[in-house]
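Listed below are the residues making up each chain.
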Amino acid sequence: MPDCPLNPASEMIADFIYRRGTVPRVETRSLCYDSISSEFAILYLPLDTIPDLNLGDYDYYSIPKLYAPLDTASMEAAGILSVFQQPALGNQGEGVLVGLIDTGIDYQNPLFQNQDGTTRIAGIWDQNLPQSPDEVPPGVEPPSSMYAKIQYGTAYSSAQINEALRSDRPLDIVPSTDTDGHGTFLAGIAAGGPSPSGDFIGAAPKASLGIVKLKPAKQYLRDFYLIREDAKAYQENDIMMGIKYLRFLSEETGMPLVLCISMGTNWGSHEGSSPLGYTLQYFSQYIGMVSVIAAGNEAGLSHHYFGVIPSQHSSEDVEIRVADGERGFVTEFWADVLDLYTIGFVSPSGETISRIPLNLGRDTRVTFLLEPTVITVSYLPNEAGSGRQLIFFRFENPTAGIWRIRVYNSLYLRGQYHMWLPVQGFSSPDTVFLRPDPNTTITNPGNGLFPITISTYNHRDGSIYLHSSRGFTINEQIKPDLAAPGVEVYGPALSLSPGSITMTRRTGSSVAAAHTAGAVASLLAWGLVEGNDLTLNNASIRGYLIRGANRNPAYQYPNREFGYGTLDLYQSFLQLRE
């Protein structure tokens, strides 16, 4: 592939996810692209040369979805410290690469260094650096051919990080930082070393780390999805490229890879049929690559609606309370694979928009006489990834109050459908369904078959976290797989001064996924590095963890909250003797 004359990270460039074998609906001559796998590539086009985003001119999944971050007694509860105490099992993840795609890492933190002061980070790909070729720091190379012509950002090797750590001015050599702290905290939980005070240790303290620092979502996508100005958002295609980078880093270092993704979205069919879901499925088939995904924190937030229209009824109303000052939001309607629907609207002032007919291949723009609101409706009767009907609608400048979406059953077989509002942080917390369903709230990409999906529980009392997303998937697949500690967990914060250790506490499924990623690293080290089981892959690791999980006799398993039980690495190892 020739060098790209464009800067794909630029706000003036549009990104499209292209599935090989399909016909792109955009001009493809003289374009730049990044290949993800044999199935997907990312196309880059100047924003001023393409039509405005809509589902008439573009395939639904070609427009990258936006993902949000999903924010030690916990190690003991997860059976990790018990494993450390066993001489035959206490490898602590040595020889395994734990890969995190998040907000970066504070690489100067001693928790990520060996005893001799060298780094345990095998590589960092900072998608934010540089913004243009002129900004490359002296002596730092952009991603090499090893990374298959990644067209943006800058990659740093362990040798460069060690050079920076020896320098009086480390950021002059490796300028990558974590200004949020989310990525540093998760790296510490998954693979942080012991603190000098002895009050902290990560789940796999001898594992190596691979870090992808995601760049923020571009403004044109933020505008298309109408997310809040202050929302933290990251693009689906950047996460996919991060997976590719970590896969190449794993091959270069010769280490098995545990991929930890703590980002999620409510957009998509919730059954693993997104481009990111398929990418995880593709790479999870490899021996020595395991994906651990956070289930999300969406239960109890009133962002999901489950509807059933009885056969004797032709329609029902779904009520959404829209908060005052809401900029707008995108809602998705996903039908049962056997049914077909159309919709209408009733505004807070009582103005009624009658049933909107199926207009294939173009959007319908709905305006009101008494409201400043504009609603754009897109019908996709047979969405390519899932085979389900998708109704995609954008509320621009919605009037505060109760909106009713009138759902009409056009082809009745089961009469079931789901609707999702945006994930937490993308819209006002007061914009909610009035009759929500807390189930089927696992965020994408945690709904796919292959990843190990982790929900969140409180290790102090054994209770499920109030907002821990619940299964099952839209097609009744068992998710989550397990629950892990994720409530008020102790871990590293951004350091108050370079090279120091500062601690904090965080809650959320991100934390639970990091615990599990560290536990998986120990299993991979035992099996692949030490040679006890050379066939370990995503499916077999999942089986080991499920067999060893703790199960409360008061509950029936699998269930929507805990999956097959709570993580217990020690019991998983004990089950290997049976």
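Residues numbered from 1 in each chain as written. Predicted model: local features only at pLDDT ≥ 70, side-chain atom pairs only at ≥ 80, totals over all residues. Heavy atoms only, no water.

Attention now moves to the overall build of the protein chain. Helix and strand counts for the protein chain stand at 11 helices and 27 strands. For 578 residues, the compact-globule formula gives about 25 Å, and the C-alpha radius of gyration of the protein chain, at 24 Å, lands near that figure. For the protein chain, the spread of C-alpha atoms along the three principal axes comes to 70 × 60 × 45 Å. Taking all 578 residues of the protein chain together, the buried fraction comes to 62%. Of the roughly 21100 Å² of accessible surface on the protein chain, 49% is carried by carbon and sulfur atoms. Computed over 39 positive and 59 negative side-chain charges, the inter-centroid distance for the protein chain is 4 Å. (Helix = DSSP H or I, 4+ residues; strand = E, 2+ residues; numbered from the N terminus. Rg over C-alpha atoms; globule rule 2.2 N^0.38 Å. Buried < 20%, exposed > 50% of the residue type's maximum accessible area, 1.4 Å probe, protein only. Areas by Shrake-Rupley, 256 points an atom, 1.4 Å probe, with all protein chains shown as cover. Lys, Arg positive; Asp, Glu negative; His and termini not counted. Charge placed at Lys NZ, Arg CZ, Asp CG, Glu CD.)

To continue, consider the pattern of salt bridges. Under the criterion given, the structure shown has 16 salt bridges. The salt bridge partner of Glu 561 is Arg 470, with a shortest N-O separation of 4.0 Å. Of the two residues, Glu 561 sits in the loop between helix 10 (538–548) and helix 11 (569–575) while Arg 470 sits in the loop between strand 24 (452–457) and strand 25 (482–485), which places them 91 residues apart along the sequence. Exposure remark for Glu 561: the relative accessible area of 23% places this residue in the partly exposed category. (Salt bridge = Lys/Arg side-chain N within 4 Å of Asp/Glu carboxyl O.)

On to the packing of aromatic side chains, then. Taken as a whole and assessed by the stated rule, the structure comprises 30 aromatic pairs. Aromatic side chains Phe 16 and Tyr 58 sit 5.1 Å apart centroid to centroid with 15° between the ring planes, which places their arrangement in the stacked category. Of this pair, Phe 16 sits in strand 1 (residues 13–19) while Tyr 58 sits in the loop between strand 3 (40–46) and strand 4 (66–69), placing them 42 residues apart in sequence. Of the two residues, Phe 16 and Tyr 58, both sit in the buried class. Centre to centre, the rings of Trp 125 and Tyr 152 are 5.4 Å apart; their planes meet at 55°, and the pair counts as tilted. Of this pair, Trp 125 sits in strand 6 (residues 121–126) while Tyr 152 is found in the loop between strand 6 and strand 7 (154–157), placing the two residues 27 residues apart along the sequence. (Phe/Tyr/Trp six-rings, centres within 6.5 Å; stacked < 30°, edge-to-face > 60°.)

Positionally, Asp 178 belongs in the loop between helix 4 (170–173) and helix 5 (182–191). Although Asp 178 is buried, it makes no salt bridge; Lys 213 carries the closest opposite charge, 6.1 Å away. A polar contact is formed between the side chain of Asp 178 and the backbone nitrogen of Gly 181, at a distance of 2.9 Å. A polar side-chain atom of Asp 178 sits 2.8 Å from a polar atom in the side chain of Thr 184. Not counting the four nearest positions on each side in its chain, Asp 178 is found in contact with Thr 103, Gly 104, Ile 105, Asp 106, Gly 183, Thr 184 and Leu 494. (Polar contact = N/O pair within 3.5 Å; in protein donor to acceptor, adjacent residues only side chain to side chain. Contact = heavy atoms within 4.5 Å.)

On the surface, Val 337, Leu 338, Leu 411 and Leu 413 cluster together into a nonpolar patch covering about 350 Å² of accessible area. Relative to the helices and strands, Leu 411 resides in strand 21 (residues 401–411). (Patch = residues over 30% accessible without salt bridge, like charges linked within 9 Å, V, L, I, M, F, W, Y side chains within 5 Å.)

Our next topic: the sheet that holds strand 11 (residues 263–264). The 3 strands are arranged 9-4-11 in an open sheet whose pairing can be described as antiparallel. In this open sheet, the two edge strands, each paired with only one partner strand, are strand 9 (234–235) and strand 11. In the sheet, strand 4 pairs with strand 9 via 2 bridges, with the strands oriented antiparallel. The partner of Leu 66 across the bridge, within strand 9, is Gln 235. (Pairing = 2+ DSSP bridges.)

The subject of this paragraph is the side chain of Gln 389. Position of Gln 389 among the secondary structure elements: in the loop between strand 19 (374–380) and strand 20 (390–396). Of note is the side chain of Gln 389, whose polar atom sits 2.7 Å from the backbone nitrogen of Tyr 341. If near-sequence neighbours (up to four positions away) are discounted, Gln 389 is found in contact with Phe 333, Trp 334, Ala 335, Asp 339, Leu 340, Tyr 341, Leu 358, Tyr 379, Leu 380 and Pro 381.

Further remarks concern the sheet that holds strand 8 (residues 208–213). Read across the open sheet, the 8 strands follow the order 7-6-8-5-10-12-24-25; overall the sheet is mixed. Each of the sheet's edge strands pairs with one partner strand only, and the pair in question is strand 7 and strand 25. In this sheet, neighbouring strand axes are inclined to one another by 25° on average, regardless of whether the strands run parallel or antiparallel. (Axes fitted to C-alpha atoms, helices over the stretch in contact; angles between N-to-C directions.)

On to the confidence of the model for the protein chain, then. Per-residue pLDDT for the protein chain averages 90, and the proportion of residues at 70 or more is 90%. Taken together, the stretch residues 131–148 has pLDDT below 50 and engages in 33 contacts with residues farther than four places along the chain or on a different chain. (pLDDT = per-residue confidence, 0-100.)

So, on to the packing of helix 5 against helix 9 (residues 509–529). Helix 9 packs onto helix 5 with a crossing angle of 35° between their chain directions and a minimal axis gap of 7 Å. In this structure, the crossing between helix 5 and helix 9 has a hand that is right-handed. Within the contact between the two elements, helix 5 uses His 182, Phe 185, Leu 186, Ile 189 and Ala 190 and helix 9 uses Ser 510, Val 511, Ala 514, His 515 and Gly 518. A class-by-class count of the residues in the contact of helix 5 with helix 9 yields 6 nonpolar, 4 polar and no charged. (Left-handed = near helix turned anticlockwise from the far one by under 90°. Nonpolar A, V, L, I, M, F, W, Y, C, P; charged D, E, K, R; others polar.)

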